[in-house]
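Breakdown of the fold
One-letter residues, chain by chain:
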Amino acid sequence: MCPSKNSPPKNDQSENGKQNRKSFIRKLTFRRSMGKLERSSMEESAISRFSRNFSLRNIKRKEDDDRTSKEIDGIPSNAVDCEGEDYVYKEPMSVMQIHQLIQKGHLLEAFRNISALEKELLAARGAKKFDDNPKEYIVRAKDVNMLYDSVSKEIQHIAEEILDLPKGDTQVLTSLVALIEEEEKTHAGAANIAVPSEPASCLGLARNWRELWEKTVAESVKARVLKVPVPFKADNSPWLAMHLEHLERRITQDLLTVKHWLQKSFPQHYNVCDTYLNAFHEALSFHLQGILEGNSSLGYNEYYTLLDWIINRYSSEVFLGHPDLKPEMKTEELPSLLTPGLLAKLKNDCINSVKQKTRNCFENILMLEMKEKWESEEQPDAPQSQYHSSLSLDIQTLIGEHMKTSGNISKKLETAVLEVNLKELIEFIPCFGKAFLEWDKVNDPPQSVSFMVTYMNSFLDLRMGLQENLKVSCKELEKTLDNEMLEWRKYFLNKLRLKTKPMFKKILSQEWILSGATLDSVIMRMLLVVEEFFKQLSHLKSSMCTDFLNEVHKYVVKEYITQTLKSKGRIKPGKRKDISKIMAQDATAIHNTMRHLGSSFNWLQLAIPYIATIIGEKKKNKIKDYIASLSDSYPDIRKEHILAILALRGLSRNKRNSIVDCMAMEELQVERNRTLFAEIELQTTVQCF
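Residues numbered from 1 in each chain as written. Predicted model: local features only at pLDDT ≥ 70, side-chain atom pairs only at ≥ 80, totals over all residues. Heavy atoms only, no water.

**Description of the overall build of the protein chain**
The test is simple: Each helix is a run of DSSP H or I of at least 4 residues and each strand a run of E of at least 2, with the numbering of both proceeding from the N terminus. Note on classification: 1.4 Å probe, protein chains only; a residue is buried when its accessible area is under 20% of the maximum for its type, exposed when over 50%, partly exposed between these limits. Residue contacts are defined here by distance: any two heavy atoms, one from each residue, within 4.5 Å place the two residues in contact. Accessible areas in this description were obtained via Shrake-Rupley with a 1.4 Å probe; residue shielding takes into account the shown protein chains only.
Within the protein chain one finds 25 helices and four strands. The proportion of buried residues among the 689 residues of the protein chain is 47%. Sequence separation of 24 or more characterises 76% of the internal contacts of the protein chain that already satisfy a separation of 6 or more. Taken as a whole, the protein chain presents about 36,500 Å² of accessible surface, with 50% of it coming from carbon and sulfur.

**Details of the environment of Leu-256**
In this fold, Leu-256 is placed in helix H10 (residues 239-260). For the pair Leu-256 and Asp-324, spaced 68 residues apart in the sequence, the C-alpha separation amounts to 7.6 Å. Residues in contact with Leu-256, not counting those within four places in the same chain, are Asp-324 and Leu-325.

**Structural notes on the packing of helix H7 (residues 134-161) against helix H9 (residues 209-226)**
Put simply, the test is: Lines fitted to C-alpha atoms define the axes, with helix axes restricted to the stretch in contact, and inter-axis angles between N-to-C directions lie between 0 and 180 degrees. An angle below 35 degrees is read as roughly parallel, one above 145 as roughly antiparallel, one from 65 to 115 as roughly perpendicular, and any other as oblique. Crossing handedness: left-handed means the near helix sits turned counterclockwise from the far one by under a right angle, and right-handed means the same turn made clockwise. Residues were grouped as follows: Ala, Val, Leu, Ile, Met, Phe, Trp, Tyr, Cys and Pro as nonpolar; Asp, Glu, Lys and Arg as charged; and all remaining residues, including Gly, as polar.
At a minimum axis distance of 9 Å, the contact between H7 and H9 shows a crossing angle of 40°. Relative to H9, the element H7 lies oblique. For the crossing formed where H7 meets H9, the hand is right-handed. Judged by residue contacts, Tyr-148, Val-151, Ser-152, Ile-155, Gln-156, Ala-159 and Glu-160 of H7 engage Trp-209, Leu-212, Trp-213, Thr-216, Val-217 and Ser-220 from H9. Classifying every residue of the contact of H7 with H9 by side-chain character gives eight nonpolar, four polar and one charged.

**Things to note about the side chain of Ser-448**
Counting through the fold element by element, Ser-448 comes out in helix H16 (residues 448-468). Excluding anything up to four places from it in sequence, Ser-448 contacts Phe-436, Asp-440 and Lys-495.

**Let's talk about helix H21 (residues 573-597)**
Working note: α-helix, 3.6 residues per turn, so residues spaced by three or four point in the same direction. For clarity, the cut-off: What a helix should span is 1.5 Å times the count of its residues minus one.
Taking 1.5 Å of rise per residue, the 25 residues of H21 would be expected to cover 36 Å, and the 37 Å separating its terminal C-alpha atoms lies within 8% of that figure. Taken residue by residue, H21 has Arg-576, Ile-579, Ser-580, Ile-582, Met-583, Asp-586, Ala-587, Ala-589, Ile-590, His-591, Thr-593 and Met-594 as its buried positions. Lining the buried residues of H21 we find helix H18 (510-514), helix H19 (522-537), helix H20 (542-565), helix H22 (607-616) and helix H24 (639-649). Phi for Gly-598, located one or two positions after H21, is positive at around 125°.

**Regarding the packing of aromatic side chains**
The cut-off we apply is this: Any two rings among Phe, Tyr and Trp, with Trp reduced to its six-membered ring, count as a pair given centres within 6.5 Å; such a pair is stacked if its planes are under 30 degrees apart, edge-to-face if over 60, and tilted if neither.
Applying the stated rule across the entire model yields 32 aromatic pairs. On the basis of an interplanar angle of 20° and a centroid distance of 4.7 Å, the ring pair of Phe-362 and Phe-428 is categorised as stacked. One end of the pair, Phe-362, is in helix H13 (residues 340-374); the other, Phe-428, is in helix H15 (residues 411-443), with 66 residues separating them in the sequence. For the pair Phe-432 and Tyr-455, a centre-to-centre distance of 4.8 Å together with 85° between the ring planes defines the contact as edge-to-face. A residue pair is termed long-range when its members are at least 10 positions apart, and Phe-432 in helix H15 and Tyr-455 in helix H16 qualify at 23 residues.

**Remarks on H15**
Spanning 33 residues, H15 covers 47 Å between terminal C-alpha atoms, matching the ideal 48 Å at 1.5 Å per step. Of the residues trailing H15, Asp-444 is marked for its positive phi of about 45°.

**Re the nonpolar core**
For the record, the criterion: Nonpolar core, defined: a set of buried Ala, Val, Leu, Ile, Met, Phe, Trp, Tyr and Cys residues in which side-chain atoms within 4.5 Å join the residues together.
Residues Leu-425 and Ile-561 are the most contacted members of the largest nonpolar core, which totals 101 residues. Among all residues touching Leu-425, those that are not within four sequence positions of it are Phe-362, Ile-395, Ile-399, Leu-462, Leu-466 and Leu-477. With 88 residues, the next largest nonpolar core counts Leu-203, Val-221, Leu-255 and Ile-310 among its residues.

**Let's talk about the pattern of salt bridges**
What counts is decided by this rule: The term salt bridge refers to a side-chain nitrogen of Lys or Arg lying within 4 Å of a carboxyl oxygen of Asp or Glu.
In the structure shown here, the tally under the stated rule is 25 salt bridges. Its salt-bridge partner being Asp-254, residue Arg-224 comes within 3.0 Å of it at the nearest N-O pair. With Arg-224 in helix H9 and Asp-254 in helix H10, the pair connects residues that are 30 residues apart, well separated along the chain. Like Asp-254, Arg-224 is buried. Among the ionic pairs, Lys-495 bridges to Asp-444, the shortest N-O distance being 3.3 Å. Note that Lys-495 is positioned in helix H17 (residues 475-504) and Asp-444 in the loop between H15 and H16, a separation of 51 residues in sequence.

**Thoughts on the confidence of the model for the protein chain**
Keep this limit in mind: Residue-level confidence of the predictor is summarised by pLDDT, bounded by 0 at the bottom and 100 at the top.
Looking at the protein chain as a whole, the pLDDT averages 81, with 80% of positions reaching at least 70. Scored below 50 in pLDDT, residues 685-689 shows 15 contacts in the model against residues more than four places distant or in partner chains.

Structure, rendered in structure tokens:
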């Protein structure tokens, strides 16, 4: 030990007496001051009377300048610095003096005095000086502990506001590090012993100020994150995107401060950059969890924004991975901002929001079509002779935006979002068709067929657009579109049937016979209705238009034959030739008209002429040959159809049965789109005319 210049000689008994007296006076003064403080604080220790928040303004005073003098604001300095050795104290300051040191921000010197008090008190306890008065030991131990707590609070205060200190002032940081290092050295032997809650049992134990600093950093960072302003959540405002942008700016500035300033004042083993990076990461995780729990009704845009920010932006070069933060800020080992369960819930909530968003958009599309088109009297535009609407483009744009946004987050999310969109579309198409057909039934407007053609074109465009532009292929969607097209085609044919049925009923009537082979014949009037009705269908896409017209062609031939055979009437011999001729002429008119319109069902051409030939044939042997040819051309013909034709010809029951019995009526496989007689149902009543 380095001797003090005021130390008395060991052999001078008088001097020893004087020294002992001074020590006694000091202790007496200490005890008196303690008694006064105890009475005024109602069982609080003396130091608690002086405890309060200290400003950084006082903390920032440079300790080195103050230590050059022997007295600090009237407080004598009892420390003697022996070069090359630890500080040695002749006697520690009083509690009040140490407290004033803490108030002035001289934490290192305050710690040395507290440590000296602590050692003196422990030595006295070891010498059993407090056996007769244990209360005195408890009071003095509590004073020491409260002084340590005051220093701890100052360390916390520095850690809380350190990021806001002037960047050029490193004195506070170096003093803080020196304080932590000296405390760890002083209590090195008790570093791993937990500090008990009883103050009297805390003496001699490590204060763990480095852990306190780390914990305070984490808490202060969390507070800084929570202070970042949250914009007003107005309708459709990007409040969350703005808030995340504010967070980025605040955290980036703080991390740059840590990298370029703070870490230079701390030893490398403090890992300052890692400490702050992890603190901000945990604070953000806590904050985002609070946003999710406190906003149960986040919108579609908020979910996408938050997921994209967490998965893509957070660790990218625009934020934590920015070159200005490298290489000190190591983001590679950071865990996800959200737990796997919470992240999965966020994705699921996002998918549900997409589902609701898509459903709302489809409902809006339907409402707009109703108000702006169905209820108006305007005809749809027909560029390039085809009716179009924005229906297909609107749906493709909606699905495309969802796929792009979700695809930027993850391929798995994109797949899930696409499935939701397609499911909603599959449900929307029949709802749209049902709403339109119900509206048409009630109103029967003249432009209904135009709208029908427009929407059928749109659905065809939708199928092609999803496949070619978005690379989406869905068998269920294609099946739904096909079924809807079929329903609309049936609806159209039914409207045509209602208009033409009265004319078909006149076949074989006296009016039909008298007007045959004239421009005003029954069949010509019927074909004019078909042509007029089909003008709108000409705006259909080519492939769909041909299919539609083929069905119309088939309907006309089938209805003609049905009306001819269903009565089971017998044509008198004198009328057979005329009726056969009119039927042949009608068949030619039907074929020429349908071919002119664009039908490709040429296989229907011979059906009516065969029946006309059988009716007009006099030789019964040839009738059998014509029946055979008819059966070969239309293998779906049944026995009852042949019997009806022969009955119309006027053959007796026995002759009809003999002809049919001689024929080999085999069940042949017929192509689905080449059925004719199989769709004709006959009645059983027979009448003559």
